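Now for the letters of each chain:
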Amino acid sequence: GQVGDRGVLVSDNCKVNVVDVQKVAGGLLYLHEGIVEEGSLAVGDRVSAQVDKKFRDGCKIHHTSTHLLQTALKSVLGDDVCQAGSIVKPDTLRFDFNYPEAMTGAQIKEVERLVNSWVAGNNETVVDEMPIAEAKAKGATAMFGEKYGDVVRVVSVMSEQGESVSMELCGGTHVERTQEIRGLKVVSESGIASGIRRIEAVAGDQVIDYLGAADDIVKSLSSQLKIKREEIVPRISTLMNDLKASQGMVSKLKEELAVAKTAALAGKVVSINGFKAVFESIDDMDSKVLSAAAQQLQSSLGEDAAVVLVTKVSDKKVSLVAAFGADLLERKMHAGKFVSSVAEVCGGKGGGRPNLAQAGGTDPSKIEEAVRYAETQFKELSQ
């Protein structure tokens, strides 16, 4: 999962900025991808390769951290944890693994604690080549589904007591001693597929940058709220509860306003083919409230009533609702089909149950046209 090296290829005649290096032809060739910045490059030219040390050192730090992370995950979650993919970059690492549920905060903290204890222990990284059978016999971890040759490269992190902290088959670059890592911090843990979790983490200088940014946020919140940092979490919890209560009050007031508006529509009932009907547009009403209002008005008018309401939700959004009484259903009239045809006037579609249905549109300028169309259609269908 480690990204390719970067650097330059230089000669007396040219300079090539290398942006990636990959093994091809079964590992027999190393393909360099780059941009010729100076001069020209021809077949047969001899060049000197200079690796970007800072880029590679960052990859080393995050690659060894990935090995320690996998060992820690096995220790905390169980030996059944297996790698399902990874990416190692100079400034971050991503590790996918099989696990049936989200990790708890305590589990993540324990994984961090284990990795950082191994980092602080200044354990040595040892690289060996050996037959694959011998590597497996020693307990080296292999990537499931990966193909390996007869001879493999084994990267081990060894304690001062000669015990193996981590042992994996790996072809990447690594630190010589774990103190070069300086520290690891898990940034996120999430699910990416059924039974597959993903951890994103930073190590080395990036830990300092990450913690510094987090500290800036805490200081900013503390300053804006005028409280101590240890009071931030309970204060935010209180503010969230207050906001939820306020939103509930606003929602209730909107419903009450909607009821008042729709009650006024009772005076606009028209008689069509023996049915009572209301076809109107209402300003500034959200879809949920509009539906409740239509149901309430239809219920108050009786089972021989139909209510069709349209409202502008935003500059590019229209909401429509149709509520039909039982008498209309006996005539095989269907609110879902009806409101869907009306919504087409506003560039939308929708549907629902025979007695209640909603639809959406995208052209508020056609609202009044949609209301007129609804009345015309109702006259034809209710005959």
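So, a few notes on the structure that sits alongside this text. Just so it is clear, the model here is predicted, and its values are computed rather than measured.

Within the secondary structure, His 63 sits in helix α1 (residues 53–77). Not counting chain neighbours up to four residues away, the residues in contact with His 63 comprise Gln 2, Val 88, Cys 170, Gly 172, Thr 173 and His 174.

The subject of this paragraph is the packing of aromatic side chains. Enumeration over the complete set of coordinates arrives at six aromatic pairs. Among the aromatic residues, those joined into a ring-pair cluster are Phe 275, Phe 279, Phe 324, Phe 338 and Phe 378.

What follows deals with the pattern of salt bridges. Taken as a whole and assessed by the stated rule, the structure comprises 13 salt bridges. With a closest N to O distance of 2.9 Å, Arg 113 and Glu 110 form a salt bridge. With a gap of three residues between them, Arg 113 and Glu 110 both fall in helix α2 (residues 105–120), about one helical turn apart. For Glu 110, a relative accessible area of 29% translates into the label partly exposed. Arg 229 is the partner of Asp 215 in a salt bridge, and the nearest nitrogen-oxygen pair spans 3.1 Å. One end of the pair, Asp 215, is in helix α4 (residues 205–225); the other, Arg 229, is in the loop between α4 and α5 (232–265), and 14 residues separate them in sequence. One connected set of salt bridges, linked through shared partners, spans Asp 215, Lys 219 and Arg 229.

Looking now at the pairing of strand β3 (residues 29–39). Relative to β3, strand β2 (residues 14–24) is paired through 10 bridges, and the arrangement is antiparallel. By the bridge assignment for β3, Val 18 is matched with Gly 34. The hairpin formed by β2 and β3 contains four residues between the paired strands, and Ala 25 there has a positive phi angle of roughly 55 degrees.

Right, let's talk about the sheet that holds strand β11 (residues 196–203) for a bit. With antiparallel pairing, the four strands of this open sheet are ordered in space as β5-β6-β11-β10. The sheet terminates laterally at β5 (83–88) and β10 (184–193), the two strands that pair on one side only. The mean inter-strand angle of the sheet, taken between neighbouring strand axes irrespective of direction, is 15 degrees. Bridge count between β10 and β11: eight bridges; the pairing is antiparallel. Of the residues in β11, the one forming a bridge with Glu 189 is Ile 199. Running over the sheet, α1 touches β5, β6 (93–98), β10 and β11 and is turned about 25 degrees from β6. Lying over the sheet, α4 contacts β10 and β11, oriented at roughly 95 degrees with respect to β11.

Cut-offs used in this document
Residues numbered from 1 in each chain as written. Predicted model: local features only at pLDDT ≥ 70, side-chain atom pairs only at ≥ 80, totals over all residues. Heavy atoms only, no water. Helix = DSSP H or I, 4+ residues; strand = E, 2+ residues; numbered from the N terminus. Contact = heavy atoms within 4.5 Å. Phe/Tyr/Trp six-rings, centres within 6.5 Å; stacked < 30°, edge-to-face > 60°. Salt bridge = Lys/Arg side-chain N within 4 Å of Asp/Glu carboxyl O. Buried < 20%, exposed > 50% of the residue type's maximum accessible area, 1.4 Å probe, protein only. Pairing = 2+ DSSP bridges. Axes fitted to C-alpha atoms, helices over the stretch in contact; angles between N-to-C directions.

As far as function goes, none of this settles anything; it's purely spatial.
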